[in-house]
Amino acid sequence: MRIIGTGSARPSLTVTNAMLEKFLDTSDEWIVTRTGIHERRVISSERLEDLAAAAAMRAMENAGVTSGQIDFIICSNVVNEYVTPGLGCVIQGMIGATCPTIDINCACTGFIYALDMAEAYLATKDMNNILIVCAEEPARMMNWKDRSSCILFGDAAGAVVVTKGDDLKAIRLSTHCKVEALYQKRRLQPTPFVTKEETDTDGVVMNGQDVFKLAVSSSIRDIDKVLTKAGMTADEIDLYVLHQANVRIIESIRHFVNQDRSKFPFNLDKYGNTSSASIPALLDDLNRANKLKTGEMLLLSAFGAGFTTGACILRWSK
Ligand code: ACO
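These notes cover the structure that comes with them. The structure presented is a predicted model; accordingly, all values stated were derived computationally and were not measured.

**Details of the overall build of the chain**
Right, so step 1: Of regular secondary structure, the chain possesses nine helices and 13 strands.
Right, so step 2: Taken over the C-alpha trace, the chain has a radius of gyration of 19 Å; the compact-globule value for 318 residues is 20 Å, and the two agree within 12%.
Right, so step 3: Across its three principal axes, the chain shows a C-alpha extent of roughly 50 × 45 × 40 Å.
Right, so step 4: Here the chain holds 318 residues, and 55% of them are scored as buried.
Right, so step 5: Averaging the locations of the 34 positively and 38 negatively charged side chains of the chain gives two centres separated by 2 Å.

The following block contains the structure:
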């Protein structure tokens with residue numbers, strides 16, 4: 001497969017660390033030092049599907065294809081206002097597409113899983129263009145009284161259009177069940193038959209230090225494996241486009257591959273962790289700023305609740 005278009009959309013409201021200081025026992029200095037995040041965008045008046053559709057339209061425009069030319073939509077999403085139907089169905093209607101859609105929930109790793117699915121569909125089915133939309137509103141999952149988690153996240157949508165090609169040089173997905181590190185439960189409707197005890201839900205529960213260690217160790221392992229699979233060295237990668245969760249996680253990975261900081265583009269200072277939207281939205285920022293050159297090798301790597309992880313090496317040929 002090959003990426004032929006990128007798009008992104010973010011909410012209009014910027015929430016700075018100073019704004020958080022007003023209702024949380026925290027400080028700009030603590031947040032910046034521990035995470036690298038200065039501000040994030042948070043949904044206020046928009047709906048997530050508006051952002052998702054806008055990102056999708058921009059990716060299609062960038063690719064030079066119309067919604068009628070999209071053969072399949074893969075939507076990566078953890079939470080939105082609809083339990084059913086899947087967000088992909090809502091997006092399909094908003095952009096005027098008529099193809100089948102599927103939703104996946106692989107937390108922050110969703111984009112890498114979606115790329116893998118797209119590669120398989122393009123290779124085995126009669127499809128030419130697949131739209132991947134990653135749309136996330138983690139801000140609506142947080143307990144905004146929990147200073148250790150709500151400061152980390154922001155809302156966004158990122159999208160790409162992929163077509164047949166041979167730019168994907170290696171990919172690796174993994175899942176290691178470790179629910180307790182990071183999860184959120186939702187309360188289901190009661191029935192006359194439920195006898196088990198049900199817990200109250202109170203937003204995301206996260207063991208930050210466990211997630212930090214899992215994130216670094218699994219990303220390092222994935223990166224090592226995809227480099228080996230592609231027969232490449234770390235030096236041969238032009239850009240490391242990593243999941244934007246914490247600047248210290250990115251720095252730890254950077255030290256492992258021993259590469260210059262200039263190879264690690266980041267935007268988490270402005271947007272925080274936007275879950276599976278983080279990598280496609282960053283790709284779109286780079287694409288639109290002309291920072292991606294034809295022939296460059298990109299290494300993408302992400303991790304998230306599950307614990308899911310994934311990495312791939314992709315030649316940029318747009
Ligand atoms: N402001 C001020 N103090 C705080 C804050 C805050 N926002 N949050 C926590 N603290 C305090 C703690 O209470 C603790 O105080 P204590 O020593 O008196 O008990 C102290 O700061 C240190 O807390 P730690 O948890 O040890 O801080 P740490 O350096 O581990 O940083 C953080 C916490 C930023 C959450 C870090 O562990 C982290 O980034 N983990 C990874 C989280 C992540 O990336 N999650 C998402 C990944 S998966 C996905 O993307 C869906």
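Okay, back to it.
**Here's the deal with the side chain of asparagine 267**
Right, so step 1: Examined against the element boundaries, asparagine 267 turns out to sit in the loop between helix H7 (247–257) and helix H8 (268–271).
Right, so step 2: Once you skip the residues sitting within four places of it in the chain, asparagine 267 turns out to touch Arg10, Gln244, Leu282 and Asp285.

**Describing the pairing of strand S11 (residues 239–242)**
Right, so step 1: Side-chain alternation along S11 places Leu239 and Val241 on one buried face and Tyr240 and Leu242 on a second face that is also buried.
Right, so step 2: In the sheet, S11 pairs with strand S12 (residues 297–304) via four bridges, with the strands oriented parallel. Bridge assignment links tyrosine 240 to a residue of S12, and that residue is leucine 299.

**Quick look at unusual backbone geometry**
Right, so step 1: Proline 85 follows threonine 84 through a cis peptide bond whose omega is 5 degrees.
Right, so step 2: Along the chain, proline 85 turns up in the loop between strand S4 (72–76) and helix H4 (87–95).
Right, so step 3: A cis amide bond links glycine 306 to the next residue, phenylalanine 307, at an omega of 15 degrees.
Right, so step 4: Among the secondary structure elements, phenylalanine 307 is positioned in the loop between S12 and strand S13 (308–315).
Right, so step 5: You will see that serine 275, though not glycine, has its phi angle at about 55 degrees, which is positive.
Right, so step 6: Relative to the elements of secondary structure, serine 275 occurs in the loop between H8 and helix H9 (278–288).
Right, so step 7: Classification of serine 275 as buried rests on a relative accessible area of 6%.
Right, so step 8: Of note, the phi angle at asparagine 290 is positive, near 55 degrees, even though the residue is not glycine.
Right, so step 9: Tracing the backbone shows asparagine 290 in the loop between H9 and S12.

**Overview of the sheet that holds S11**
Right, so step 1: Strand order in the open sheet formed by four strands is S8-S13-S12-S11, and the pairing between neighbours is mixed. Lying at the two open borders of the sheet, with one neighbouring strand each, are strand S8 (168–175) and S11. Strand-to-strand, the axes of this sheet are offset by a mean angle of 10 degrees, without reference to chain direction.
Right, so step 2: Here S12 runs beside S13; their pairing, made up of eight bridges, is antiparallel. Of the residues in S13, the one forming a bridge with leucine 300 is cysteine 312.

**Re empty space enclosed by the protein**
Right, so step 1: Overall, the coordinates contain one cavity of 30 Å³ or more when judged by the stated rule.
Right, so step 2: The computed volume of the largest cavity comes to approximately 40 Å³.
Right, so step 3: In terms of lining, the largest cavity is formed by Arg10, Ala156, Gln244, Asn267, Tyr271, Gly272, Thr274, Ala277, Ser278 and Ala281.
Right, so step 4: For the lining of the largest cavity, the class distribution of residues is four nonpolar, five polar and one charged.

**A closer look at the site of the ligand**
Right, so step 1: Surrounding the ligand, one finds 25 residues, the nearest of these being Thr26, Arg34, Cys108, Gln209 and Asn246.
Right, so step 2: Here an oxygen atom of the ligand sits 2.9 Å away from a polar atom, N or O, in the side chain of histidine 243.
Right, so step 3: Asparagine 246 has a polar side-chain atom sitting 2.6 Å from an oxygen atom of the ligand.
Right, so step 4: Across the complex, the protein chains shield 75% of the 1000 Å² of accessible surface that the ligand would expose by itself.
Right, so step 5: A majority-of-atoms criterion places the ligand in the second largest pocket.
Right, so step 6: Of all elements in the fold, only helix H2 (28–35), helix H6 (208–230), H7 and S12 reach the threshold of two or more residues within the shell around the ligand.

**Some thoughts on the layout of surface pockets**
Right, so step 1: Approximately 930 Å³ is the volume attributed to the largest pocket.
Right, so step 2: Residue lining of the largest pocket: 32 residues in total, with Val78, Val79, Met141, Gln184 and Arg186 positioned closest to the centre.
Right, so step 3: A breakdown of the residues in the lining of the largest pocket according to their chemical character gives 19 nonpolar, seven polar and six charged.
Right, so step 4: Formed jointly, the lining of the largest pocket draws a minimum of three residues from each of two domains, domain 1 (2–166) and domain 2 (170–315).
Right, so step 5: Of the voids in this model, the second largest pocket is the one considered here, and its volume is about 550 Å³.
Right, so step 6: Residue lining of the second largest pocket: 27 residues in total, with Ser148, Leu152, Met206, Gly208 and Asn246 positioned closest to the centre.
Right, so step 7: If you list the elements that add at least two residues to the lining of the second largest pocket, you get H2, H6, H7 and S12.

How each quantity is defined
- Residues numbered from 1 in each chain as written.
- Predicted model: local features only at pLDDT ≥ 70, side-chain atom pairs only at ≥ 80, totals over all residues.
- Heavy atoms only, no water.
- Helix = DSSP H or I, 4+ residues; strand = E, 2+ residues; numbered from the N terminus.
- Rg over C-alpha atoms; globule rule 2.2 N^0.38 Å.
- Buried < 20%, exposed > 50% of the residue type's maximum accessible area, 1.4 Å probe, protein only.
- Lys, Arg positive; Asp, Glu negative; His and termini not counted.
- Charge placed at Lys NZ, Arg CZ, Asp CG, Glu CD.
- Contact = heavy atoms within 4.5 Å.
- Pairing = 2+ DSSP bridges.
- Axes fitted to C-alpha atoms, helices over the stretch in contact; angles between N-to-C directions.
- 1 Å grid on protein atoms, 1.4 Å probe; cavity = no way out; pocket = protein on both sides within 12 Å on 5 of 7 lines; lining within 4 Å.
- Points joined across faces, edges and corners; volume = space filled by probe spheres on them.
- Nonpolar A, V, L, I, M, F, W, Y, C, P; charged D, E, K, R; others polar.
- Near = heavy atom within 4 Å.
- Polar contact = N/O pair within 3.5 Å; in protein donor to acceptor, adjacent residues only side chain to side chain.
- Areas by Shrake-Rupley, 256 points an atom, 1.4 Å probe, with all protein chains shown as cover.
- Sits in = over half its atoms within 2 Å of the grid points.
- Domains from an automatic or database assignment.

In short, shape yes, function no, at least from these values alone.
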